Amino acid sequence: MINDNTTLLPAGDNAVIYPVPATGGVLGSVRLEAMREGIEDYELLRALSKKNPRASRELAQAAIPHMNDYVRDVKVFRELQRRLLEAF
């Protein structure tokens, strides 16, 4: 992956941010955005659990029915996220 035509970033590594030496800053990644989205979903579920514990538990169990199983269908997952947001 090339970010600014001067820095070659390794594809598939485990970094969530990359240094940008020219500016002293950092460059985010798709992995960072996915992690941020997951943290936001978790915090929304926690907030919902205070307002409506049953709804929170049902949404969490629909997304992750078992420790070794989770929703893999993006459309189904986005529908669960929509329901989570609408619960407020």
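Thresholds applied
Once a new chain begins, its residue numbering starts again from 1 and follows that chain's sequence as written. Residue-level local features of this predicted model are given only where pLDDT is at least 70; pairs of side-chain atoms are given and counted only at 80 or more, and the full residue set underlies all totals for whole chains, interfaces and linings. Only hydrogens and water are removed before side-chain values are computed, so all heavy atoms of the structure are retained for them. Only C-alpha atoms enter the line fits that serve as axes; for helices the fit covers just the stretch in contact. Angles between N-to-C directions range over 0 to 180 degrees. Helix numbers and strand numbers start at the N terminus; a helix is a DSSP run of H or I with at least 4 residues, a strand a run of E with at least 2. Roughly parallel here means an angle under 35 degrees, roughly antiparallel means over 145, roughly perpendicular means 65 to 115, and every remaining angle is called oblique. Contact between two residues is taken to exist if any of their heavy atoms lie within 4.5 Å; hydrogens are not considered. Three residue categories are used. Nonpolar comprises Ala, Val, Leu, Ile, Met, Phe, Trp, Tyr, Cys and Pro, charged comprises Asp, Glu, Lys and Arg, and polar comprises the others, including Gly. Throughout, exposure labels follow a simple rule: accessible area from a 1.4 Å probe, protein chains only, divided by the maximum for the residue type, with under 20% read as buried, over 50% as exposed, and the rest as partly exposed. Working note: the arc is built from the helix axis to C-beta atom directions. Here a cavity denotes grid points, spaced 1 Å and computed from the protein atoms alone, that fit a 1.4 Å probe unable to get out, and a pocket denotes an open set having protein on both sides within 12 Å along at least 5 of 7 lines; residues with an atom within 4 Å of a point are the lining. Grid points are joined across faces, edges and corners, and a volume is the space filled by probe spheres set on the points.

Engineer: What exactly am I supposed to notice about the packing of helix H2 (residues 53–63) against helix H3 (residues 74–86) here?
Structural biologist: When two helices pack together, you describe them by how their axes are tilted relative to each other and by the distance separating the axes. Packing of H2 against H3 leaves a shortest axis separation of 10 Å and a crossing angle of 170 degrees. Classified by the angle between their axes, H2 and H3 sit roughly antiparallel to one another. Listed contacts from H3 to Leu-59, Ala-62 and Ala-63 of H2 are Leu-80, Arg-83 and Leu-84. A breakdown of the residues in the contact of H2 with H3 according to their chemical character gives five nonpolar, no polar and one charged.

Engineer: Help me out: how do you make sense of H2 in this one?
Structural biologist: Each full turn of the α-helix corresponds to 3.6 residues, which orients residues three or four apart in the same direction. Those residues of H2 not exposed but buried are Ala-55, Ser-56, Leu-59 and Ala-63. Mapping the buried residues of H2 onto a view down its axis gives an arc of 100 degrees, with all of them on the same face. Those residues of H2 that are buried are in contact with helix H1 (30–51) and H3.

Engineer: Quick question: what am I supposed to make of the layout of surface pockets here?
Structural biologist: Over the atoms a probe the size of a water molecule is rolled, and this reveals where empty space is left. A volume near 470 Å³ is recorded for the largest pocket. Contributing to the lining of the largest pocket are 19 residues, with Asp-41, Ala-63, Ile-64, Phe-77 and Gln-81 lying nearest its centre. Elements represented by at least two residues in the lining of the largest pocket include exactly H1, H2 and H3. At six residues, H3 tops the list of elements feeding residues into the lining of the largest pocket. The residue makeup of the lining of the largest pocket, split by class, is twelve nonpolar, two polar and five charged.

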